[in-house]
Amino acid sequence: MKCVCVDDEPIFWEQIRMVAARCMNYTNIQIDLYFYEKPEALLFDLDEDRFYDLYLLDIEFGGDVNGLELAGEIRKRDEDAQIIFLTSHSEFALQGYDYHPFQYVLKEEIGRMENILEELSYGLTRENEQYRVIARKHGIEKIEFQEICYIYKKGKNSVYVCGDGRICSERKSLAQVREEICIPQMLAVGKSYIVNLGRIKRLDRQDIFFDREVDPVHISRQQTEPVKRALFDYLKGAAL
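Residues numbered from 1 in each chain as written. Predicted model: local features only at pLDDT ≥ 70, side-chain atom pairs only at ≥ 80, totals over all residues. Heavy atoms only, no water.

K.L.:
Help me understand helix α2 (residues 39–47), please; the structure alone is not making it clear to me.
P.N.:
An α-helix turns once every 3.6 residues. As a result, residues three or four positions apart point the same way. Listed as buried for α2 are P39, L42, L43, D45 and L46. Along the axis of α2, the buried positions cluster into a sector of 160°, meaning they face one direction only. Residues of α2 that are buried sit in contact with β1 (2–6), β2 (32–36), β3 (54–58) and α3 (67–77). Directly after α2, the chain includes D49, whose backbone phi takes a positive value near 65°. (Buried < 20%, exposed > 50% of the residue type's maximum accessible area, 1.4 Å probe, protein only. Helix = DSSP H or I, 4+ residues; strand = E, 2+ residues; numbered from the N terminus. Arc of directions from axis to C-beta. Contact = heavy atoms within 4.5 Å.)

This is the structure:
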């Protein structure tokens, strides 16, 4: 899990490191930490398509942008971001909830972060390669791999199309999703699609057909033969 902390007191960073280290010790889940003193530096990296699974935001900064305003800017760029507000003053809590944070933690109660990190780590990490977990603005959505018909690239997002007609997206490139979903029935077709061989109903020339509720995928002539071979090998293996 990629976690970023934005706080203008570097001395506080060590407390976050200690909390994350304890969490990793008993969960065996990797937590990669990144730190920023200035909100503007994080916004610059977000504009360069560098995103995180979790944002820990101090509310009070000495500069022009406070943590609440930073949360608003993060939401504009990544509406499903998981945000936790950190502060020494409880009176900011009501304002913070306007930005739909996952949690609100007082710095004097930083020990609470262990349980919070554990919950998010398990939610955002694939435990057995049987499903995909996608962070949403108000929670987490679980998609069984067998439900996915195909995944396609849309701008900076990857869009999941399921057999029941459900469609959802996450802020990850298709190349990154391809690396994270490495199971035999998921086949990369060019740079624009990942198709589930187990959900294909028919391959007709350059069109791949899935369930009735799902739009077919049109592929190039050059991609037809590799898809046909992969589908044949998959079906042959599934029949054994």
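K.L.:
Can you walk me through the environment of I83 in this structure?
P.N.:
Among the secondary structure elements, I83 is positioned in strand β4 (residues 82–87). Here I83 falls in the buried class, since its relative accessible area comes to 0%. Taking the C-alpha atoms as reference points, I83 and Q103, separated by 20 residues in sequence, lie 7.1 Å from one another.

K.L.:
Help me understand the sheet that holds β2 in this model?
P.N.:
Two modes of strand pairing occur in sheets, parallel and antiparallel, and in both the strands are linked by backbone hydrogen bonds. One open sheet accounts for 5 strands, arranged β2-β1-β3-β4-β5; its pairing is parallel. Unpaired on one side and paired on the other, β2 and β5 (103–106) mark the two borders of the sheet. On average, each strand axis in the sheet is tilted by 20° relative to the strand beside it, whichever way the strands run. By the bridge criterion, 4 bridges tie β4 to β5 in an arrangement that is parallel. Considered in β5, the bridge of F85 is made with Y104. (Pairing = 2+ DSSP bridges. Axes fitted to C-alpha atoms, helices over the stretch in contact; angles between N-to-C directions.)

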